[in-house]
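The primary structure of each chain is shown beneath.
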Amino acid sequence: KSDNKTLSIDVPNTARTTSFSKDGGLEKSGFSKIVTGERITVTGFYDLKDKNKLIATRMIIYPDLPINPSIDLNRIGLSTDEITPSTGSGKKLIPIIK
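Fair warning: this is a prediction, and the values are worked out from it, not measured in the lab. (Residues numbered from 1 in each chain as written. Predicted model: local features only at pLDDT ≥ 70, side-chain atom pairs only at ≥ 80, totals over all residues. Heavy atoms only, no water.)

Overview of the overall build of the protein
Now for step 1: Counting its secondary structure elements, the protein contains zero helices and five strands.
Now for step 2: Along its sequence from the N terminus, the protein presents helices and strands in the succession β-β-β-β-β.
Now for step 3: Across the 98 residues of the protein, 18% fall into the buried class.
Now for step 4: Considering only contacts within the protein whose residues lie at least 6 apart along the sequence, 56% involve residues at least 24 apart. (Helix = DSSP H or I, 4+ residues; strand = E, 2+ residues; numbered from the N terminus. Buried < 20%, exposed > 50% of the residue type's maximum accessible area, 1.4 Å probe, protein only. Contact = heavy atoms within 4.5 Å.)

Next comes the structure, spelled out in structure tokens:
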């Protein structure tokens, strides 16, 4: 969020992820296609036990839009090189390097 508030988003396997581009329109996508800092729209519902956690039901990725310059990824401890994707179950995915 660009209003300097932190919100955790849980993306279960049932969440529908699509990508919208000027050339291709709305296409089916996947959670692993999200790039750090990319603009996305998330629809879901708040977790009853944690007000700062949103459980996603639908996400739209906008790869054609520029990264929001008001969000400083380094300030919140993120960089595009250091993020390890998660499966949503808390287990981290380890990339295979050959």
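As for the side chain of T17
Now for step 1: By the secondary structure assignment, T17 is in strand β2 (residues 16–21).
Now for step 2: If we ignore the near neighbours within four places in the chain, the residues touching T17 are K28, S29, G30, F31, M59 and I61.

A few points about the packing of aromatic side chains
Aromatic ring pairs: the centre-centre distance and the angle between the two ring planes describe each pair.
Now for step 1: Using the criterion set out here, one finds one aromatic pair in the structure.
Now for step 2: Considering the side-chain rings of F20 and Y62, the 6.4 Å spacing of their centres and the 65 degrees angle between planes classify their relative orientation as edge-to-face. Here the residue F20 occupies a position in strand β2, and Y62 occupies one in strand β5 (residues 53–62), the gap between them amounting to 42 residues.
Now for step 3: Overall, the relative accessible area of 21% leaves Y62 in the partly exposed class. (Phe/Tyr/Trp six-rings, centres within 6.5 Å; stacked < 30°, edge-to-face > 60°.)

Things to note about the pairing of strand β4 (residues 39–46)
Now for step 1: Sheet topology note: the β4/β5 ladder contains eight bridges and is antiparallel. Paired with F45 across the bridge in β5 is I55.
Now for step 2: From the end of β4 to the start of β5, which pair antiparallel, there are six residues. (Pairing = 2+ DSSP bridges.)

A look at the side chain of S19
Now for step 1: Summarising the element assignment, S19 is placed in strand β2.
Now for step 2: Setting aside residues up to four positions removed in sequence, S19 forms contacts with G25, L26, E27, S29, I61 and P63.

So, the pairing of β2
Now for step 1: The sheet contact formed by β2 and β5 spans four bridges and is parallel. Note on β5: the bridge partner recorded for T17 is M59.
Now for step 2: Of the strand pairs in this sheet, β2 and strand β3 (residues 25–28) are connected by four bridges, and their pairing is antiparallel. Bridge pairing in β3 places S21 opposite G25.
Now for step 3: Following β2, the chain reverses through three residues before pairing antiparallel with β3.

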